[in-house]
Amino acid sequence: MLITTPAVILQAFAYGDTSRIVRLATQDHGVQSVIAKGAMRPRSRFGGRLQVLSEGVAQFHYRSTRDLHTLSAFDVTDQHVVLAGDLRRFAAAAALAELVLRTGHEEPQPVAFATLVETLRALGAAPSERVGLVSLAGLWHMVIVLGFAPVVDQCVRCERPLGDRSWFALAEGGLLCPACGRGTGTGALGAEDQAALRAFLEGSDAGVALPAPHVAAHRRLLVRFVRRHLTDDAQLPALSFWESIG
Ligand SMILES: [Zn+2]
């Protein structure tokens, strides 16, 4: 079956002397692995188009009995060059790609695909001083879209209202009220940090202004949440790199 679908390249690496294996987020067929035969040859029809984060229309021969399908064309619609030219934007985009790749499967995920494309655009367009907040909003929103929402509107343990200070319980996947949270040994989230977290979960950084150490703490929280709840404690090099440079 020949499939034609909008797609984003999440990962690409050499295979043998002349081919490339590419992991694609697709609009209609989830995450798929394809092989671009001869892509490394000088006059390949793929040229230099199979770059990570490139967005385009992929055409591949799908066989349900195989895990690796044969790519016949990839027409780039947006190479997202702004992302490749700026380390912080690129780190955030690569972290997003890793999140989609590690949680991906072959079932259709059109909302996740749309969120991926929107977030890549937002990362490219963000003013330099907002890149850290825009990346948190994009990554947290993707966590929600993938179906792993943390509880942030009441205490995850006793369901009482949260106070001006609350504590994030990683194992339980949500915020704790003062009665439950005291003595957990983790740092408290003040009212502004809680409001910022709720905004990020909706994919927005509007109105969020936090000191840099708080932004770093939000990055650390997101990476720990993803590792614990989405990827079975796997190593996540791109997310770890994004966490370290912000
Ligand atoms: Zn409680």
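Before any of the text, the structure's been laid out above.
Notes on the structure follow. (Residues numbered from 1 in each chain as written. Predicted model: local features only at pLDDT ≥ 70, side-chain atom pairs only at ≥ 80, totals over all residues. Heavy atoms only, no water.)

### Let's talk about the environment of glycine 207
Mapped onto the secondary structure, glycine 207 falls in the loop between helix H6 (191–201) and helix H7 (212–229). Taking the relative accessible area as the measure of exposure, glycine 207 reaches 82% and is therefore exposed. Spatially, the C-alpha atoms of glycine 207 and alanine 196 are 8.4 Å apart, while their sequence positions differ by 11 residues. (Helix = DSSP H or I, 4+ residues; strand = E, 2+ residues; numbered from the N terminus. Buried < 20%, exposed > 50% of the residue type's maximum accessible area, 1.4 Å probe, protein only.)

### What about the pairing of strand E3 (residues 31–36)?
Across the 6 residues that make up E3, a large majority, 6, are buried. Of the two faces of E3, the one lined by Val31, Ser33 and Ile35 and the one lined by Gln32, Val34 and Ala36 are each fully buried. Examined bridge by bridge, strand E2 (residues 19–26) and E3 share 6 bridges and lie antiparallel to one another. Each bridged residue has a counterpart across the sheet, and for arginine 20 the counterpart in E3 is alanine 36. Linking two consecutive strands that pair antiparallel, namely E2 and E3, is a turn of 4 residues; a positive phi of about 60° is found at glycine 30 within it. Note: E3 against strand E5 (residues 68–78), 3 bridges, orientation parallel. (Pairing = 2+ DSSP bridges.)

### Looking at unusual backbone geometry
In this structure, glutamate 159 is a non-glycine residue whose phi angle is positive, near 65°. As for its position among the elements, glutamate 159 is in the loop between helix H4 (131–145) and strand E6 (167–169). Here aspartate 232, not a glycine, exhibits a phi torsion of approximately 50°, which is positive. Along the polypeptide, aspartate 232 turns up in the loop between H7 and helix H8 (237–245).

### Quick look at the environment of glycine 104
Within the fold, glycine 104 resides in the loop between helix H2 (87–103) and helix H3 (110–125). Through-space distance from the C-alpha of glycine 104 to that of glutamine 32 is 8.5 Å; in sequence the pair is 72 residues apart. Here glycine 104 is in contact with Val31 and Gln109, once residues within four sequence places are set aside. (Contact = heavy atoms within 4.5 Å.)

### Quick notes on the nonpolar core
Core analysis: the biggest nonpolar cluster contains 61 residues, and Leu116, Trp140, Leu239 and Trp242 have the highest contact counts within it. Ignoring anything within four residues of it in the chain, the contact list for leucine 116 reads Val8, Leu10, Ala25, Leu96, Val100 and Met142. Core analysis: the second largest hydrophobic core is formed by 16 residues, Ile3, Ile9, Phe46 and Tyr62 among them. (Core = buried A, V, L, I, M, F, W, Y, C linked by side-chain atoms within 4.5 Å.)

### Section: the coordination of the zinc ion
Binding of the zinc ion to the protein goes through Cys155 (SG), Cys158 (SG), Cys177 (SG) and Cys180 (SG), at separations of 2.3 Å. One can describe the donor arrangement at the zinc ion as tetrahedral, given that its 4 donor atoms subtend angles of 106 to 115° at the metal. Mapping the donors of the zinc ion onto the primary sequence gives the spacing C-x2-C-x18-C-x2-C. Here cysteine 158 falls in the partly exposed class, since its relative accessible area comes to 30%. (Donors = N, O, S within 2.8 Å, 3.2 Å for Na, K, Ca; no water. Tetrahedral: all angles 85-135°; square planar, octahedral: opposite > 155°, others 65-115°.)

### Observations regarding the pattern of salt bridges
If you walk through the whole model with that rule in mind, you get 4 salt bridges. For the salt bridge of glutamate 55 with arginine 121, the shortest nitrogen-to-oxygen distance reads 2.8 Å. Taken together, the residues glutamate 55 in strand E4 (residues 55–61) and arginine 121 in helix H3 connect sequence positions 66 residues apart. Residue class for glutamate 55 comes out buried when judged on its relative accessible area of 9%. Judged by relative accessible area, arginine 121 falls into the partly exposed class, the value being 44%. (Salt bridge = Lys/Arg side-chain N within 4 Å of Asp/Glu carboxyl O.)

### Looking at the packing of H2 against H8
Between H2 and H8, the least distance of the axes is 8 Å, while the angle of their chain directions is 150°. Here the hand of the crossing between H2 and H8 comes out left-handed. Seen from H2, the contacting residues are Leu87, Arg88, Ala91, Ala92, Ala94, Ala95, Glu98 and Arg102; seen from H8, they are Pro237, Ala238, Leu239, Phe241, Trp242 and Ile245. Class assignment of the residues belonging to the contact of H2 with H8 gives a composition of 11 nonpolar, no polar and 3 charged. (Axes fitted to C-alpha atoms, helices over the stretch in contact; angles between N-to-C directions. Left-handed = near helix turned anticlockwise from the far one by under 90°. Nonpolar A, V, L, I, M, F, W, Y, C, P; charged D, E, K, R; others polar.)

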